[in-house]
Amino acid sequence: MGFYTNLPPHLQEVDIIVAGGGSAGCIVAARVSDADPNLSVLLVEGGANNDDNPTITHPAFLMANLAPDSKHSLYWKANRSNDLAGRELIVPSGGLLGGGSSVNLMVYTRPQRSDFDSWKTPGWSADDMLQCMNKATDYHHHQWETYHGADDGHIHGSDGPMHVSGDGFRSSRLEDDFIDAARKSGWPEVPDLQTMDAIDGVQRAMRYVDPAGRRQDTAHQYIHPLIADGRHPNLHVLLESRVVRVLFEDKRAVGVEFQPVSQPSGDNDNPPSTRFVRAKRMVVLSCGALGTPGILERSGVGDAGILTSAGVPTIIHSPGVGRNYQDHHMMIYSYKSTLFPEETLDAVCSGRLSVEHLVQQNSGILSWNGVDASCKLRPKDEECVSLVWGSIHITGSSLDDSPDFDVGFFSDPEGSDIQMHIWMYKTQREMARRMRCFDGELAWTHPQFPSGSQAAPSTASSTTPSAPGSPPELAYSDADDQAIEDWLRKNGGVVDANLNVHGVQALKVADLSIPPSNIAANANSAAMAIGEKAALILINELELGN
Ligand SMILES: Cc1cc2nc3c(=O)[nH]c(=O)nc-3n(C[C@H](O)[C@H](O)[C@H](O)COP(=O)(O)OP(=O)(O)OC[C@H]3O[C@@H](n4cnc5c(N)ncnc54)[C@H](O)[C@@H]3O)c2cc1C
């Protein structure tokens, strides 16, 4: 059977609990349960099953999962921010089995080599992570690609569960138009921008969509096949059950407390009823960059001051938990075009074409995610450097206490992060203006320039720090530098290179909350690589399959 919304009596204790069934969590649970049939694995997911749900499997319905009332996404409300004109930003993340991979835009992009190497963590170099990304993917080369002999089969994966293709519906006229306009703006077409080295160009987009037009999410590609094949009775998935906290005995993780979604939330006088499940060998947290910090803090692992204010007894003072939140800022500027309606996703998104009609007709447009070209453009150093971090912390011990969530966007006192956006705005606008189908800006999605302005220029200013004062400079040896780096890492870090949470035993984290710094790409490939890496670490440590 494999899927439950009520934990059956025989599953009160398992070997491994994976909390959170998203991009990384599904991979961890599937790989370790497949490695050893004697190992019982329980994946606990807060959201619903995604199995064969048409709004998930058909790429064209992607916007339905991001509607304000969608049960497929979680919406994290940030604090009101003066840096954002007084707005309370909402950050979405996946909220059902498959997590972000079930609701994302399916764009296949990968980090740059320098992103991984800058983590400076043994075992997590760009070469290590390339192997993990490739383990997850089966890349279908498209007819337009010419590799100049570069791809000897090692750049992209060829036998992983997640198919990547450029097949299915494409709005070819628009795609060619954009690529041509980018070239006129000085950005050439590059056949493959996902080599981890290529940069400064535009590419015809590849997608996490298989050649038959189905979304590739980690639940459909890793979990469902194992549950269906009848050979993995050791893999169990508990759905609609939100993990509240990790249970500890003598600082060893021994299970989790969870709250079935069907339970009323309760209040101070009548707290919601919760349940428990025990893990004999390991608990792995994989609830995402916004979900995992709260679980750690409710469990007593976090900054002691924050835990005390929230009424949670401290088990380990770990000041890095919930700190250093970084994200990709996404701005959408829209343009009017001379395209025909069938060359856009408008009719699907607006509801002019119904889901039922399109599915009945098996329409080709169902396979389309609306992204036919993408680019990776690097501004010059003097144009911007963005190093702004936010944070997310609990304010109370219950799942329903709203987090204290500071996105940190645009909060750099030097303004470097906003300069990045100004650069991006101008760059994309020059491309759009060079497209043949360009028919003007959709004004309300653009900045409101003063009347009479030609919408010009605000240039980035160099923000070189002032020179040090009069004392002679200290001389540092390489070993001194390493010592400083180690101290900084320990002070801010939450997990070690094997994903163990500092200060406790039998607890690991495997999701996008662990990277020391952000990556320059859409994040799904990195999240999946973390899942593959975590599985390798667990299989090795627990000597599974031997
Ligand atoms: C709208 C959107 C569009 C995106 N587009 C792209 C794209 O085109 N290409 C790309 O590469 N990347 C894209 N991304 C990013 C990418 O999908 C995510 O970065 C990635 O899925 C994160 O993986 P994760 O494993 O860290 O977390 P998630 O995939 O978010 O997994 C976390 C899981 O934990 C569950 N959970 C949370 N709290 C609890 C709890 N208390 N108890 C139990 N379960 C819990 C959630 O329901 C979820 O299933 C997009 C993301 C979003 C939100």
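Reading guide: rules and limits
Here the residue numbering is sequential within each chain, running from 1 through the sequence in written order. Side-chain atom pairs in this predicted model are given and counted only at pLDDT of 80 or more, local residue features only at pLDDT of at least 70, and totals for whole chains, interfaces and linings cover all residues. To get the side-chain values, take all heavy atoms of the structure and skip hydrogens and water. UniProt positions are given in the numbering used here, feature names are shortened, and annotations may be inferred rather than shown by experiment. The criterion for a residue being near a molecule or strand is simple. One of its heavy atoms has to lie within 4 Å of it. Contacts described as polar in this section are N or O atom pairs within 3.5 Å, which, within protein, must combine one atom able to donate a hydrogen with one able to accept it, while residues neighboring in sequence count only if both atoms come from side chains. Methods summary: accessible areas were calculated by the Shrake-Rupley approach with a probe of 1.4 Å, and residue burial reflects only the protein chains presented. The numbering of helices and of strands both runs from the N terminus, where a helix is a DSSP run of H or I of at least 4 residues and a strand a run of E of at least 2. By the convention adopted, Pro, Cys, Tyr, Trp, Phe, Met, Ile, Leu, Val and Ala count as nonpolar, Lys, Arg, Asp and Glu as charged, and the other residues, Gly among them, as polar. Given the number of residues in a helix, its expected span is that number minus one, multiplied by 1.5 Å. The buried label goes to any residue with under 20% of its type's maximum accessible area, the exposed label to any with over 50%, and the partly exposed label to all in between, with areas taken from a 1.4 Å probe on protein chains only. Contacts are assigned to residue pairs that have any heavy atoms within 4.5 Å of one another. Only the stretch in contact is used when fitting a helix axis, every axis being a line fitted to C-alpha atoms; angles between N-to-C directions are given from 0 to 180 degrees. Here the word oblique covers every angle except those under 35 degrees (roughly parallel), over 145 (roughly antiparallel) and from 65 to 115 (roughly perpendicular). If you view the pair so one helix is near and one far, a crossing is left-handed when the near helix is turned anticlockwise from the far one by less than a right angle, and right-handed when it is turned clockwise. Strand pairing is assigned whenever DSSP detects at least two bridges linking the two strands. Any Phe, Tyr or Trp ring, taking Trp's six-membered ring, that has another such ring centre within 6.5 Å forms a pair; planes under 30 degrees apart are called stacked, those over 60 apart edge-to-face, and the others tilted. In our convention, an over-ring charge means Lys NZ or Arg CZ found within 6 Å of a ring centre and within 35 degrees of that ring's normal. Salt bridges are counted wherever a side-chain nitrogen of Lys or Arg sits within 4 Å of a carboxyl oxygen of Asp or Glu.

Naming follows an unreviewed UniProt entry, where the protein chain appears as Alcohol oxidase of Apiospora marii. According to its UniProt record, the protein chain has this under Sequence similarities (unreviewed entry): "Belongs to the GMC oxidoreductase family."

Student: Looking at this model, I keep getting lost on the site of the ligand. Mind explaining?
Tutor: By nearness alone, 35 residues border the ligand, and Ser 23, Glu 45, Gly 100, Val 107 and Val 243 come closest of all. Interatomic distance of 2.8 Å between a backbone N/O atom of Gly 100 and an oxygen atom of the ligand. In the complex, 89% of the free accessible area of the ligand, which totals 1,000 Å², lies under the protein chains. At the level of elements, α1 (23–35), β5 (87–94), α3 (100–103), β10 (241–249), α8 (288–298) and α14 (524–541) are the ones that each hand at least two residues to the shell around the ligand. Looking at side-chain class alone, the shell around the ligand contains 15 nonpolar, 17 polar and three charged residues.

Student: What should I look at first to understand α1 in this one?
Tutor: Residues spaced three or four apart along an α-helix face the same direction, because each turn holds 3.6 residues. With 13 residues, α1 should cover 18 Å at 1.5 Å per step; its first-to-last C-alpha distance of 19 Å lies within 8% of that length. Counting buried positions along α1 gives ten out of 13 residues, so the element sits mostly inside the fold. Against the buried residues of α1 lie β2 (13–19), β3 (41–44), α3, α7 (218–228), β9 (235–238) and α14.

Student: What exactly am I supposed to notice about the packing of α1 against α7 here?
Tutor: To describe two helices that pack against each other, one gives the angle between their axes and the distance between the axes. Running from N to C, α1 and α7 point in directions that differ by 25 degrees, and their axes come no closer than 9 Å. In terms of orientation, α1 lies roughly parallel with respect to α7. As α1 packs across α7, the resulting crossing turns out to be left-handed. Judged by residue contacts, Ser 23, Cys 26, Ile 27, Ala 29, Ala 30, Arg 31, Ser 33 and Asp 34 of α1 engage Thr 218, Ala 219, Tyr 222, Ile 223 and Leu 226 from α7. Along the lines of polarity and charge, the residues of the contact of α1 with α7 split into eight nonpolar, three polar and two charged.

Student: Would you mind showing me how to read the pairing of strand β11 (residues 252–260) here?
Tutor: Put simply, side chains in a regular strand alternate between the two faces of the sheet. With eight of nine residues buried, β11 is to be regarded as a mostly interior element. As judged from the eight bridges shared by β10 and β11, these two strands associate in the antiparallel manner. Looking at β11, one finds that Val 246 is bridged to Val 256. Relative to strand β12 (residues 275–285), β11 runs antiparallel, the two being bridged by four bridges.

Student: How should the packing of aromatic side chains be read in this particular structure?
Tutor: Aromatic ring pairs are described here by two measures, namely the spacing of the ring centres and the angle between the planes. Going through the model one piece at a time under the given rule, you end up with ten aromatic pairs. Seen from their ring centres, Tyr 108 and Tyr 139 are 5.6 Å apart, and the 50 degrees between their planes marks the pair as tilted. Pair noted here: Tyr 108 is in the loop between α3 and α4 (113–117) and Tyr 139 is in strand β6 (residues 137–139), with a separation of 31 residues, a long-range link. For Tyr 139, a relative accessible area of 6% corresponds to the buried category. Stacked on the ring of Trp 124, the Lys or Arg Lys 533 has its end atom at 5.6 Å from the ring centre.

Student: Any chance you could explain the pattern of salt bridges here in plain terms?
Tutor: Two side chains carrying opposite charge are able to pair once their charged atoms lie near each other. Within this structure, the stated rule accounts for 25 salt bridges. Between Asp 127 and Arg 113 there is a salt bridge, and its shortest N-O distance comes to 3.0 Å. Of this pair, Asp 127 sits in helix α5 (residues 126–136) while Arg 113 sits in helix α4, and the two are 14 residues apart along the sequence. When its relative accessible area of 25% is taken as the criterion, Arg 113 is described as partly exposed. Between Lys 508 and Glu 541 there is a salt bridge, with its nearest N and O atoms 3.0 Å apart. Residue Lys 508 is located in strand β21 (residues 507–509), and its partner Glu 541 is located in helix α14; the two are separated by 33 residues in the primary sequence. Owing to a relative accessible area of 2%, Lys 508 belongs among the buried residues under this scheme.

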